[in-house]
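Survey of secondary and tertiary structure
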Amino acid sequence: MADPLLNIAGLNCERGGDPVVVNMSLQLHPGEILHLAGPNGAGKTTLMRALCGLLYADYSRLEWNGMQVSSALEYADELLYIGHRSSVRDRLTVHENLQWLASLNPAASLELLPDLLQQIKLAGYEDELASSLSAGQKRRVALARLQFSPALLWVLDEPFASLDVEGVELLQQWITRFVNEGGSVLYSTHQRVDFPGCHYRRIDMQVQGEAA
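An account of the accompanying structure is given in this report. Not measured: the values here are computed from a predicted model.

Quick look at the packing of aromatic side chains
- If you walk through the whole model with that rule in mind, you get 4 aromatic pairs.
- Note on Trp-154 and Phe-178: the rings are 3.8 Å apart at their centroids and 0° apart in plane angle, and the pair reads as stacked. Residue Trp-154 is located in strand β7 (residues 153-157), and its partner Phe-178 is located in helix α5 (residues 165-180); the two are separated by 24 residues in the primary sequence.
- Residues Phe-160 and Tyr-187 carry aromatic rings whose centres are separated by 6.1 Å and whose planes lie at 75° to one another, so their mutual orientation is edge-to-face. You can see Phe-160 sitting in the loop between β7 and α5 and its partner Tyr-187 sitting in strand β8 (residues 184-188), a full 27 residues away along the chain.
- The exposure class of Phe-160 is buried, given its relative accessible area of 0%.

This is the structure we're talking about:
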């Protein structure tokens, strides 16, 4: 297997002054899917946000793509984080939201939009305000950003939440294609989702202070 894309050791994070992630080590390789599992409060979101440079964390070792770095902010431009809250703007139409998401990557082509609208099952909804969409439709719009990103790593917090069966299958396909092309995915979910033929690992996290 290739050298790790992300290699951390001795990671510690706090929330409100209380330890949430303690002395954690983690490696993530190119072409690998890493599933963070565990109960609410186990620190999955805290860990992902720390790895994206959105929360402060202490490390004894932090390496990105074989290089030692002092902060996650040094590689933040090479990953894409999508949180469990939708980033869709209610006052924009579906098409305007997709244009805005595409604009976050200057190299993205707007020629992809018609096909992308078909993929996320929102063709015909282009001029609808996002405020009128269901939670699942908003999730599809937010996840469309994956198709515009040149990132090496996708960090996805509960990406399957609110999706119907078709939406889950579409995201499975996108993730499978991405890792087969050498990308890496770190995600959390409470749902059972399979990735046949992919290199998949699962880490079970626990609430600090609870017995193993």
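Now that the structure is up, let's keep going.
Describing the sheet that holds strand β3 (residues 32-37)
- Ordered by their spatial adjacency, 5 strands build an open sheet running β6-β7-β8-β3-β9, and the pairing between neighbours is parallel. Strands at the two margins of the open sheet, each flanked by one partner only, are β6 (79-82) and β9 (199-204). For this sheet, the mean inter-axis angle between neighbouring strands, taken without regard to orientation, is 15°.
- Direction of pairing for β3 relative to β8: parallel, over a ladder of 4 bridges. Opposite Ile-33, over in β8, you have Val-185 as the bridge partner.
- Lying over the sheet, helix α1 (residues 44-51) contacts β3, β6, β7 and β8, oriented at roughly 150° with respect to β8.

Basis of the calculations
Residues numbered from 1 in each chain as written. Predicted model: local features only at pLDDT ≥ 70, side-chain atom pairs only at ≥ 80, totals over all residues. Heavy atoms only, no water. Phe/Tyr/Trp six-rings, centres within 6.5 Å; stacked < 30°, edge-to-face > 60°. Helix = DSSP H or I, 4+ residues; strand = E, 2+ residues; numbered from the N terminus. Buried < 20%, exposed > 50% of the residue type's maximum accessible area, 1.4 Å probe, protein only. Pairing = 2+ DSSP bridges. Axes fitted to C-alpha atoms, helices over the stretch in contact; angles between N-to-C directions. Contact = heavy atoms within 4.5 Å.

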